[in-house]
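Secondary and tertiary structure notes
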Amino acid sequence: MKKVKVTVSGEMELHYDETSQEFKDAIEGYRTIIDPSGDVEDMLQSIACMIVQFGREELIEGCGYVSINGRKQIDYFHGGKERIWCGVNAVGKFTINDTIEFDVDTEEID
């Protein structure tokens, strides 16, 4: 039986202003709903994981919506209003569906 190890990797930057009201509301919501002892790093890791798993279309529970490369979410089904922004902008290479682009490497193993 052959075995292959597959490594999938991607990278994004998360930009935020800790003094913005949106970000303050997001960290408060994160602590209220997700992790009472959570800090900024915990919240940012959670946001990154959600983007990787579901793309940016999903609401980041407790936080709000993330912008991608400066584009905020618009709710076209409810009058084209901007969705609740969490004060975090993800910057990087994203697909047309706003999921992170991955590099894939394979290696045969014994």
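Bear in mind the structure is a predicted one, so any value in this text is a computation, not a measurement. (Residues numbered from 1 in each chain as written. Predicted model: local features only at pLDDT ≥ 70, side-chain atom pairs only at ≥ 80, totals over all residues. Heavy atoms only, no water.)

This paragraph deals with the overall build of the protein. What the protein contains, in helices and strands, is two helices and seven strands. Element order for the protein, N to C, with α for helix and β for strand: β-β-α-α-β-β-β-β-β. Taking 13 Å as the expected radius of gyration for a compact globule of 110 residues, we find that the protein reaches 16 Å, considerably beyond that expectation. In terms of overall dimensions, the protein has a C-alpha envelope of 55 × 35 × 20 Å along the principal axes. Put simply, the protein has 110 residues, and 32% of those count as buried. (Helix = DSSP H or I, 4+ residues; strand = E, 2+ residues; numbered from the N terminus. Rg over C-alpha atoms; globule rule 2.2 N^0.38 Å. Buried < 20%, exposed > 50% of the residue type's maximum accessible area, 1.4 Å probe, protein only.)

Attention now moves to unusual backbone geometry. Glycine aside, a negative phi is what most residues show, and trans is what most peptide bonds show. For Asn 69, which is not a glycine, the phi torsion comes out positive at approximately 45°. Along the chain, Asn 69 falls in the loop between strand 3 (65-68) and strand 4 (74-75). Residue class for Asn 69 comes out partly exposed when judged on its relative accessible area of 39%.

Turning our eyes to something else, we now look at the packing of helix 1 (residues 21-33) against helix 2 (residues 40-54). Relative orientation of the contacting elements helix 1 and helix 2 amounts to 90°, with a least axis distance of 10 Å. By the angle class used here, helix 1 and helix 2 are roughly perpendicular. Contacts between helix 1 and helix 2 pair Phe 23, Ala 26, Ile 27 and Tyr 30 from the former with Val 40, Asp 42, Met 43, Leu 44 and Ser 46 from the latter. Among the residues forming the contact of helix 1 with helix 2, the class breakdown is seven nonpolar, one polar and one charged. (Axes fitted to C-alpha atoms, helices over the stretch in contact; angles between N-to-C directions. Parallel < 35°, antiparallel > 145°, perpendicular 65-115°, else oblique. Contact = heavy atoms within 4.5 Å. Nonpolar A, V, L, I, M, F, W, Y, C, P; charged D, E, K, R; others polar.)

Turning our attention to a nonpolar patch on the surface. Together, Val 4, Val 6, Val 8, Val 52, Phe 102 and Val 104 give the surface a local cluster of nonpolar side chains, amounting to about 520 Å² of exposed area. Broken down by element, the residue count for the nonpolar patch peaks at three residues, all from strand 1 (residues 3-9). The residue Phe 102 is located in the loop between strand 6 (85-92) and strand 7 (103-109) in this model. Using a relative accessible area of 39% as the deciding quantity, one classes Phe 102 as partly exposed. (Patch = residues over 30% accessible without salt bridge, like charges linked within 9 Å, V, L, I, M, F, W, Y side chains within 5 Å. Areas by Shrake-Rupley, 256 points an atom, 1.4 Å probe, with all protein chains shown as cover. Salt bridge = Lys/Arg side-chain N within 4 Å of Asp/Glu carboxyl O.)

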